[in-house]
Amino acid sequence: MDVTALRQSWNQVAAAGSRAAKYFYATLFVIAPETRTMFPVNMQYQEDKLLAALGHIITSLDDSAALTAFTHRLGADHRRFHGVDLEGRPVQLADRHYMWVGQALLATLEHFVGPQWTPSLKASWAEAYQAVAGLMLAGAAESEQHTPPSWRAEVITTERRRSDLSVITLRPNYRCDYLPGQSLPTQIPTLRTWRYLSPANAPRPDGTIEFHVRAAGRFSTHLVRRITVGDVLLLGHPVGASLSAYDRAPHRPLLLIAGGTGLAPLRAIVEELQQGSGRPTTLVLGGYTPDDLYDHQTLLKLAASAPAMPRTDGSTAPWLRYVPTVELGWGWDGAVGRAVDVALRLGSWAEADILICGSPAMTQASITALAASGVDPSRIMTESYDHSHYPPLSAAEARAPRNLNRE
């Protein structure tokens, strides 16, 4: 297998961008029509993920440990994808689909590489694909020993907190284990679309999971406006290694900064801490107006039930401090300003671990403000589950050393 030749030819395909991805999927759907139902109607973000994942694999070909870790994770994640055949019968992802994907990939490469597509280059690509497919299948087989491909989760309650926001509680058909701070791929079967939602609760004895959803796109609007008790959603394997690492240094105090439904994974962490011995934790929840603090009463109860812990000066104080804040609130008697600015007014956070979850703009602004105040960036943990990103790829890239030649 000529790795240099593989990378050079891949650069030609990558330069074609979305044209190459569209060609690949069009070829795949002709070769294997049943695969079309495994993908959403709108393929835009799927095309971006394909190119990014293939690019990552190509750059990792000479790093067997990184390649194995990524492809095993990829194979396990792909177990949740399913569709129907031409007779309408359900189809789970299987070995034959990997064969068809390989055929479509080689056809795409031949089309975009052009005259440089030689028998030896084709053989190198076929060898590389077989190796990658084998690793993905091994990852899927390993995952199969422990978990189902996906969970069927019945909606047992829905509560509209605002006109555009609902709290939805699900009961999976099997226990679905996750770490507080992680997210779960979630599918509305009729939409054939997966999105990432963060449980707002620590794992419960009854296995139920609470999601906080704000109507912002087709998927989330469907959940808020149309999902009712008794409906069934599908859940995939949990993802996320940043926020869930909140306990990496339990001797440090924690600062949690949340905006909007970014509260969900941070509330799950607070609940998990509450079940243990607790640790000094400050939760600053920001909103534009008081109406944005949709879970305010729940958080007040959590803070009121937090037992006291000794301080270094000999006094005691509850381990959880909850600080709700708004940017605009007529008659509001709490903190006013951006959440990060309020947090900085509370004191120095140089010795704390800091978790931030909210919109991309809010998260970036918070990171910038904290860094300007002298906080070490390595103490700041964030996670993004925007549907244009693929968490297994994001996790792999976060662990990989930066390649300055590609920046």
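A brief look at the structure comes next. (Residues numbered from 1 in each chain as written. Predicted model: local features only at pLDDT ≥ 70, side-chain atom pairs only at ≥ 80, totals over all residues. Heavy atoms only, no water.)

Per the secondary structure count, the protein includes 12 helices and 16 strands. What you see for the protein is a C-alpha radius of gyration of 23 Å, in line with the 22 Å of a compact globule of 407 residues. Seen through its C-alpha atoms, the protein measures out along the principal axes to roughly 75 × 50 × 40 Å. The 407 residues of the protein split such that 49% are buried. (Helix = DSSP H or I, 4+ residues; strand = E, 2+ residues; numbered from the N terminus. Rg over C-alpha atoms; globule rule 2.2 N^0.38 Å. Buried < 20%, exposed > 50% of the residue type's maximum accessible area, 1.4 Å probe, protein only.)

Looking at the secondary structure, you find S366 in helix α11 (residues 360-372). If sequence neighbours within four positions are ignored, S366 has contacts with I257, V340 and I356. (Contact = heavy atoms within 4.5 Å.)

With that out of the way, let us pick up the packing of helix α4 (residues 64-78) against helix α6 (residues 119-144). At their nearest, the axes of α4 and α6 sit 7 Å apart, and the two run at 60° to each other. With respect to each other, α4 and α6 are oriented oblique. Two packed elements cross with a definite hand, and for α4 against α6 that hand is right-handed. Touching L67, T68, T71, H72, L74, G75, A76 and H78 of α4 are V132, L135, M136, A138, G139, A140, E142 and S143, all from α6. For the contact of α4 with α6, a count of residues per class yields 8 nonpolar, 7 polar and 1 charged. (Axes fitted to C-alpha atoms, helices over the stretch in contact; angles between N-to-C directions. Parallel < 35°, antiparallel > 145°, perpendicular 65-115°, else oblique. Left-handed = near helix turned anticlockwise from the far one by under 90°. Nonpolar A, V, L, I, M, F, W, Y, C, P; charged D, E, K, R; others polar.)

Structurally, the position occupied by A306 is in the loop between α9 (296-304) and β11 (308-310). Note on A306: relative accessible area 8%, which makes it buried. Here A306 is in contact with P318, W319 and L320, once residues within four sequence places are set aside.

Taken together, 6 strands build an open sheet; the order of strands is β14-β13-β10-β9-β15-β16 and the sheet is parallel. The strands lining the two open edges of the sheet, one partner per strand, are β14 (335-336) and β16 (380-382). Contacts from α9 reach β10 (281-287) and β13 (320-326) within the one sheet, and its direction differs from that of β13 by about 155°. Sheet strands touched by α11: β9 (254-259), β15 (353-357) and β16. Its angle to β15, the strand with the most contacts, is close to 155°. (Pairing = 2+ DSSP bridges.)

As a further point, take the pattern of salt bridges. The final tally for this structure, using the stated rule, is 17 salt bridges. Between E210 and R204 there is a salt bridge, with the nearest N and O atoms lying 3.2 Å from each other. According to the relative accessible area criterion, E210 is buried, its value standing at 9%. Where D247 meets R279, a salt bridge forms, and the shortest distance between an N and an O atom there is 3.2 Å. Highlighted residues: D247 in the loop between β8 (232-235) and β9 and R279 in the loop between α8 (263-275) and β10, separated in sequence by 32 residues. The exposure class assigned to D247 is partly exposed, which follows from its relative accessible area of 42%. Under the relative-accessibility criterion, R279 is labelled buried at 4%. (Salt bridge = Lys/Arg side-chain N within 4 Å of Asp/Glu carboxyl O.)

A separate point is the packing of helix α2 (residues 18-31) against helix α5 (residues 95-113). Contact geometry of α2 with α5 gives a least axis separation of 9 Å together with a crossing angle of 135°. Between α2 and α5, the angle is such that the two are oblique. The interaxial crossing formed by α2 with α5 has right-handed handedness. Residues R19, A20, Y23, F24, T27, L28 and I31 of α2 touch α5, and the partners they reach there are W100, V101, Q103, A104, L105, A107, T108, H111 and F112. Among the residues making up the contact of α2 with α5, the classes are represented as 11 nonpolar, 4 polar and 1 charged.

Both strand β3 (residues 151-162) and β8 contribute to a ladder of 4 bridges, which runs antiparallel. From the neighbouring strand, W151 faces β8, where its bridge partner is L235. Both β3 and strand β4 (residues 165-172) contribute to a ladder of 8 bridges, which runs antiparallel. By the bridge assignment for β4, V155 is matched with L170. Where β3 folds back on β4, the antiparallel hairpin that results is connected by 2 residues.

Another point: the state of the cysteines. By definition, a disulfide links two cysteine residues through a covalent bond between their sulfur atoms. This model, assessed by the stated rule, comprises 0 disulfides. Take C176: it sits in no disulfide, and the sulfur closest to it among the cysteines is that of C357, at 18 Å. Residue C176 is classed as buried on the basis of its relative accessible area of 4%. (Disulfide = S-S within 2.5 Å.)

Now for the packing of aromatic side chains. Scanning the entire structure with this criterion turns up 6 aromatic pairs. Between Y23 and F112 the ring centres are 5.7 Å apart and the planes differ by 85°, which places this aromatic pair in the edge-to-face class. Of this pair, Y23 sits in helix α2 while F112 sits in helix α5, and the two are 89 residues apart along the sequence. Between F24 and Y25, the ring centres sit 5.0 Å apart and the planes meet at 75°, which makes this aromatic pair edge-to-face. The buried category is assigned to Y25, whose relative accessible area is 5%. Among the aromatic side chains, those forming a connected cluster through ring pairs are F24, Y25, F29 and F39. (Phe/Tyr/Trp six-rings, centres within 6.5 Å; stacked < 30°, edge-to-face > 60°.)

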